[in-house]
Amino acid sequence: MNLWSNIYTYGLTPEETEWVRRTFVTDFGYHLYEAEDFSDLIAFPAIGLFVQPYAMDADEREMLLDFYQVAHAHDRSLIIVFMDVVEIPLALVGTSIYIYEWGREWIARIQDGLISCAGIREQERKDARLTMGDIEEE
């Protein structure tokens, strides 16, 4: 089991969380967690974050976007879906940050992105294991 194939929700209604589960988790073998605190979004490894932007204050939204830009924007190893309209900084337009839309094409784009993120994380995990093997041999 890849412990990094996690999807977190934050501030979603029970109905929205269930929709995320049915649409992006159940058929793909990912693990769905509800973040209890904003800090959980940054503290725990994930391939996807589905967040209600108004469940956090402006400083938290800025912190989340800064975290994404520094740690994930270069390789798109994390998807963030804002479930309501929020301003995305120009530097992050065209990355793997999305605003919720309804439609099969949009859903397919997010599903494909999550599959890609899971692949990136699995490769990171394999690389870490190889590195740990190298260290143990020394």
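What counts and what doesn't
Residues numbered from 1 in each chain as written. Predicted model: local features only at pLDDT ≥ 70, side-chain atom pairs only at ≥ 80, totals over all residues. Heavy atoms only, no water. Pairing = 2+ DSSP bridges. Helix = DSSP H or I, 4+ residues; strand = E, 2+ residues; numbered from the N terminus. Axes fitted to C-alpha atoms, helices over the stretch in contact; angles between N-to-C directions. Contact = heavy atoms within 4.5 Å. Buried < 20%, exposed > 50% of the residue type's maximum accessible area, 1.4 Å probe, protein only. Salt bridge = Lys/Arg side-chain N within 4 Å of Asp/Glu carboxyl O.

Another point: the sheet that holds strand β3 (residues 48-51). Pairing within the open sheet is parallel, and its five strands lie in the order β2-β1-β3-β4-β5. Looking at which strands have only one partner, the edges of the open sheet turn out to be β2 (31-34) and β5 (97-99). Taken over all neighbouring pairs, the strand axes of this sheet differ in orientation by 20° on average, direction set aside. Of the strands in this sheet, β3, β4 (79-82) and β5 touch helix α3 (residues 58-71), which is tilted by about 155° from β4.

Turning to its location among the elements, Ser-5 is positioned in the segment before β1 (6-10). Ser-5 sits in the buried class, given a relative accessible area of 8%.

Taken as a whole, this structure holds three salt bridges when the rule is applied. The residue Arg-21 makes a salt bridge to Glu-18 at a minimum N-O spacing of 3.4 Å. Of this pair, Arg-21 and Glu-18 both sit in helix α1 (residues 14-25), three residues apart, which is roughly one turn of that helix. Look at Glu-18 and you get partly exposed, because its relative accessible area is 34%. Measuring nitrogen to oxygen at the nearest pair gives 3.2 Å for the salt bridge that ties Glu-122 to Arg-125. Taken together, the residues span about one helical turn, with Glu-122 and Arg-125 both in helix α4 (residues 104-137) at a distance of three residues. The exposure class assigned to Glu-122 is partly exposed, which follows from its relative accessible area of 24%.

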